[in-house]
Every structure is written in C-alpha cells, then in structure tokens.
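# Commentary on secondary and tertiary structure
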Amino acid sequence: MKKILLSFLVLSLTAVLAGEQKPGPKVFISVDMEGIWGVVHANQTSPDSPEYGAARKWMAEDVNAVVDGLLAAGAGLVVVNDSHGSMRNIIADQLDPRVALISGSPKPLSMMEGIDASFDACLFIGYHAQAGTAAASLDHTISGSTMRSIRINGLELPELGINAAIAGSHNVPVIMLSGDEATCLQAKAVLGQSLIAVAVKKAVGRYAAQMRPRDAARQALTQGAREALAGLSRVKPFRLDPPLNFELEFHNSGQAEMPSLLSQVKRTGARSVAFTTDDYLQGFKLMRAVIALAGYN
Ligand SMILES: [Zn+2]
C-alpha cells in the first residue's frame, strides 16, 4: 500500500515537473555562497551568525538576475540546486517563482544533485576559487577544514572543475560561472576560454573584496546568462578520461587515518590518500565519503 502510494507521489511529481517544461533548453544552476555579490567572510555564510540573513537574500538575488537572462534567451525549464553548507540557504519564496529549487542536504551528488542527461546546459553561480588561491574570497576545495588539495589524473582541481566533470559525464556543458575575479580566471583556465565568466567582485584578500556596484553586477549576470545560453552550441562538455586517479591531500596526518580504512583507498603519504576508478560518478561519491571520514576525530 505504502509502495503504491509512494510510486504515485513520485509519478505525479515527475508529471508536474514535466508539465513545467516549456519548449526550449533545460538549464541546471548550482549556486554556492562564497562567490555571491557582497559576501567576503564566513560569518556571512554561516547560519549561526547574525550576518547570514543578508547574504542568503543576496544569494537569491544573484540567481534571480541569472534566471532573467536565461528565460529571456528562451530557457524552457530552470532547476536551481542550493549548493552551500546545509544547502538550505535560499529562502524558497525569495527565488524567482518560475524556477524549480532543490534544497537541503545530504544529496548523493551534493552541489550537482539533480543534473542528468536531459539538461542542455549548466551554470555555476556564486562559486569560489580552489584552496590555496591568493586574493580570492574564502578560497577552499569542498571542505576548508579538511582539504589541502584534490588532484584527478595529476590535475589539481577547484570545485568548479570537479563539478563540471559531473555535468560532463552526462554530456552537459558548463556555459557560465559567476564569482570573484580570481575564480573567473581559474574557471576559464580549467573549462576553456569560451566559458562566460562574470566577476561580481574583486577580492583584496581572503576576507575582503571590492564589490562591483550592485546594479552593474546584477545586469552583468543577466546579460552573461542571456549570451551564454544563446551561444550554447560553442561550448563542449568538460570530461575527464578514465582510468581516473583521485589524490586527496589533507591538512594534517590525522585526517588520513579513517579514510585509509576503506579497502579501495590507499594511504600515499602522512596526510594523503588515493584511489582509482573507471566511473567518474562512483569516484566522486567515494571522494565525498573519504572527505566525510577525514573530518572524524
Ligand atoms: Zn560554499
């Protein structure tokens, strides 16, 4: 009985979402918080701080500016995945009512939950630079307290690269990114020069930045999204070829201890582990489990 009810609910939600799909490209947005206009400090991105309320509103506003551009360029459906921390940052009714929001955590694909081969394009909004980038707002890679670096097949990648390869494994190209200036440069270096990268601020250091005037920033987001979707065919999906060797370096040796208990994972140094897989999505999920175990003490 329960099973019948559950499958009815699943079917009806699928039907509802399919009903929302108008003619035109289907677009996935992953939205983080560190690269949002106005954000310069972790107090603004942490729910226990009084400064958090303002930043979550700016987060919705940056996304709304992007959605305006996407819909103007003919998007048929826009799905937004809240991708920071608890992943419950965007207040649902502050988001453009024409988009479908994915909220909450944990999710198997984390910042990329919801993407599949039915999407035509992917955007990264409010993204930040990889751990160890100078003059970049709140630079880190997945876990600031745990990860020093993540390399896949020898290439050190920021979150934007790791996540772009998830989209790529579904053959979906990343067409636009927003964040600070350093993140935009990093994104083009990893994903290619045809990516549209919109800087909403220029970091002075890890905890200070000069914002672009708010109107100009939001207009640039709208304009960038419109151009990116209109030029969709120019961009190729970002793919990493198997076999895939994941190398994870932590901040300290204790963080390598628990991950080393997994049979697939090899300890390669005092504070590093590695594993190899042929399936990128499997590798990504194992990497997430490894990072979660690294935080155990
Ligand atoms: Zn974040």
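Residues numbered from 1 in each chain as written. Predicted model: local features only at pLDDT ≥ 70, side-chain atom pairs only at ≥ 80, totals over all residues. Heavy atoms only, no water.

### Brief notes about the overall build of the protein
Per the secondary structure count, the protein includes six helices and twelve strands. Here the C-alpha atoms of the protein give a radius of gyration of 19 Å, agreeing with the 19 Å that 2.2 N^0.38 yields for 297 residues. With respect to the principal axes defined by its C-alpha atoms, the protein has extents near 55 × 50 × 40 Å. Across the 297 residues of the protein, 51% fall into the buried class. Taking as baseline every contact in the protein between residues at least 6 positions apart, the subset at least 24 positions apart corresponds to 69%. In the structure as shown, the protein presents an accessible area of about 13400 Å², 56% of it carried by carbon and sulfur atoms. With 27 positive and 27 negative side-chain charges, the protein shows a spacing of 2 Å between the two charge centroids. (Helix = DSSP H or I, 4+ residues; strand = E, 2+ residues; numbered from the N terminus. Rg over C-alpha atoms; globule rule 2.2 N^0.38 Å. Buried < 20%, exposed > 50% of the residue type's maximum accessible area, 1.4 Å probe, protein only. Contact = heavy atoms within 4.5 Å. Areas by Shrake-Rupley, 256 points an atom, 1.4 Å probe, with all protein chains shown as cover. Lys, Arg positive; Asp, Glu negative; His and termini not counted. Charge placed at Lys NZ, Arg CZ, Asp CG, Glu CD.)

### A closer look at the packing of helix 3 (residues 159–169) against helix 6 (residues 280–294)
Look at helix 3 against helix 6: their axes get within 10 Å of each other, and the N-to-C directions meet at 145°. Like other packed secondary-structure pairs, helix 3 and helix 6 cross with a definite hand, here left-handed. Contacts between helix 3 and helix 6 involve Ile162, Asn163, Ala165, Ile166 and Ser169 on the former and, on the latter, Tyr280, Leu281, Phe284 and Met287. Grouping the amino acids of the contact of helix 3 with helix 6 by side-chain chemistry returns seven nonpolar, two polar and no charged. (Axes fitted to C-alpha atoms, helices over the stretch in contact; angles between N-to-C directions. Left-handed = near helix turned anticlockwise from the far one by under 90°. Nonpolar A, V, L, I, M, F, W, Y, C, P; charged D, E, K, R; others polar.)

### A look at the nonpolar core
Among soluble globular proteins, nonpolar side chains are generally buried collectively. Counting residues in hydrophobic clusters, the biggest one holds 49 residues, and the most contacted among them are Leu248 and Tyr280. Looking at this core element by element, the count peaks at eight residues for helix 6. When near neighbours in sequence (up to four residues on either side) are disregarded, Tyr280 contacts Ile152, Ile162, Ala165, Ile166, Leu240, Leu244 and Phe246. In this structure, Val31, Ile36, Trp58 and Leu123 belong to the second largest nonpolar core, which totals 40 residues. (Core = buried A, V, L, I, M, F, W, Y, C linked by side-chain atoms within 4.5 Å.)

### With respect to the coordination of the zinc ion
Every protein donor of the zinc ion is listed here as Asp32 (OD), Glu34 (OE), Glu34 (OE) and His84 (ND1), and their distances to the metal cover 2.1 to 2.6 Å. Angles of 53 to 136° at the metal separate the four donor atoms of the zinc ion, which places the site in the irregular class. All donors to the zinc ion come from one chain, and their sequence spacing reads D-x1-E-x49-H. Separated by 52 residues along the polypeptide, Asp32 in the loop between strand 1 (26–31) and helix 2 (52–72) and His84 in the loop between strand 2 (77–82) and strand 3 (100–102) bring together distant segments of the chain. The burial state of Asp32 is the same as that of His84; both residues are buried. (Donors = N, O, S within 2.8 Å, 3.2 Å for Na, K, Ca; no water. Tetrahedral: all angles 85-135°; square planar, octahedral: opposite > 155°, others 65-115°.)

### Regarding the environment of Gln210
In this structure, Gln210 sits in strand 9 (residues 208–211). For Gln210, a relative accessible area of 60% corresponds to the exposed category. Sequence separation of Gln210 and Tyr280 is 70 residues, and the distance between their C-alpha atoms is 37 Å. Beyond its immediate sequence surroundings of up to four residues, Gln210 is in contact with Lys201, Lys202 and Val204.

### A short note on the pattern of salt bridges
Evaluated as defined, the whole model comprises ten salt bridges. Between Glu249 and Arg148 there is a salt bridge, and its shortest N-O distance comes to 3.9 Å. Placement of Glu249 in strand 10 (residues 244–250) and of Arg148 in strand 5 (residues 147–152) is noted, with a sequence separation of 101 residues between them. Residue classification places Arg148 among the partly exposed positions, given a relative accessible area of 42%. Of the charged contacts in the structure, one is a salt bridge between Glu181 and Lys202, with a shortest N-O distance of 3.3 Å. Of the two residues, Glu181 is situated in helix 4 (residues 181–191) and Lys202 in strand 8 (residues 196–205); the sequence distance between them amounts to 21 residues. Accessibility expressed as a relative area gives 37% for Glu181, which makes it partly exposed. Residues participating in the shared-partner salt-bridge network are Lys57, Glu61, Asp62 and Arg218. (Salt bridge = Lys/Arg side-chain N within 4 Å of Asp/Glu carboxyl O.)

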